[in-house]
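# Architecture and fold: a report
Here is how the chains run, residue by residue.
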Amino acid sequence: MKWAFINHMEKINELLGNLEQEEIKRDYPIAWERTHAASCAQVGRLLAQKRGVDLELAALACSLHDIGRWYTGLQRNHALRGEEPVRCFLESSSLKEEDKEAVVQAVVRHSEKDKVGSPLDEIVKDADVLDCYFHGDEISKPYHLARLKEVMGELNLES
């Protein structure tokens, strides 16, 4: 068991619980944010294993990728709005500074699904699309569909 990640997930669930108490209009309910954070972490771990990227770093980045939406409640510009909250979240983490920065950049760039980034960026983007697909979300944007098709092929899955 990787207790460092379990501790991060505990901190994420506590954060989401606190945010749930706030009376703001949300594009997605906190229940979805919890589910998506946890399942994206697992998808990210799977992709990291296949691609030779650090599993725990991938799981952490995937679980935090929507943190900007958690705070604002809004989908619009949530990736960019995630920079400050993810930096604050990671502040007390024992991760190396370059790993913290890699997570921050993966969060900030995860909505750029039409661009190719670092291996960690790509895992977060692919995990996001794949997780949404498996939860029944309609994937309709052309570059999301292309990414979904590619990652499904990589995993030998049929869409």
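Residues numbered from 1 in each chain as written. Predicted model: local features only at pLDDT ≥ 70, side-chain atom pairs only at ≥ 80, totals over all residues. Heavy atoms only, no water.

### With respect to the nonpolar core
In this structure, Leu64, Ile67, Trp70, Val86, Phe89, Leu90 and Val103 are the most contacted members of the largest nonpolar core, which totals 44 residues. Elements supplying a minimum of two residues to this core: helix H1 (3-20), helix H2 (30-51), helix H3 (55-64), helix H4 (67-72), helix H6 (83-90), helix H7 (97-109), helix H8 (119-134) and helix H9 (142-154). Setting aside its immediate chain neighbours within four residues, leucine 64 contacts Ile12, Trp70, Val86, Phe89, Leu90, Val103 and Val107. (Core = buried A, V, L, I, M, F, W, Y, C linked by side-chain atoms within 4.5 Å. Buried < 20%, exposed > 50% of the residue type's maximum accessible area, 1.4 Å probe, protein only. Helix = DSSP H or I, 4+ residues; strand = E, 2+ residues; numbered from the N terminus. Contact = heavy atoms within 4.5 Å.)

### Overview of the environment of histidine 78
If you trace the backbone, histidine 78 turns up in helix H5 (residues 78-81). Put simply, histidine 78 and alanine 127 are 49 residues apart on the chain and 17 Å apart in space, counted from C-alpha to C-alpha. A distance of 3.0 Å separates polar atoms of two side chains, one belonging to histidine 78 and the other to histidine 110. (Polar contact = N/O pair within 3.5 Å; in protein donor to acceptor, adjacent residues only side chain to side chain.)

### With respect to unusual backbone geometry
Notably, asparagine 77 is not glycine yet its phi reads approximately 60°, a positive angle. Tracing the backbone shows asparagine 77 in the loop between H4 and H5. Positioned with a positive phi, asparagine 156 is a non-glycine residue whose angle comes to about 55°. Here asparagine 156 shows up in the segment after H9. On the basis of relative accessible area, asparagine 156 is assigned to the exposed category, the value being 72%.

### Some details on the packing of H3 against H8
Direction vectors running N to C along H3 and H8 enclose 50°, while the axes themselves pass 9 Å from each other. Judged on the interaxial angle alone, H8 and H3 are oblique. Note that H3 runs across H8; the crossing there is right-handed. In contact with Leu57, Ala58, Ala61 and Cys62 of H3, H8 contributes Leu120, Ile123, Val124 and Ala127. Looking at side-chain class alone, the contact of H3 with H8 contains eight nonpolar, no polar and no charged residues. (Axes fitted to C-alpha atoms, helices over the stretch in contact; angles between N-to-C directions. Parallel < 35°, antiparallel > 145°, perpendicular 65-115°, else oblique. Left-handed = near helix turned anticlockwise from the far one by under 90°. Nonpolar A, V, L, I, M, F, W, Y, C, P; charged D, E, K, R; others polar.)

### Remarks on the side chain of serine 93
Inspection of the secondary structure puts serine 93 in the loop between H6 and H7. A relative accessible area of 14% means that serine 93 is categorised as buried. In this structure the side chain of serine 93 is engaged in a polar contact, spanning 3.1 Å, whose partner is the backbone nitrogen of leucine 95. Sequence-distant contacts of serine 93, defined by excluding residues within four places in its chain, comprise His8 and Lys100.

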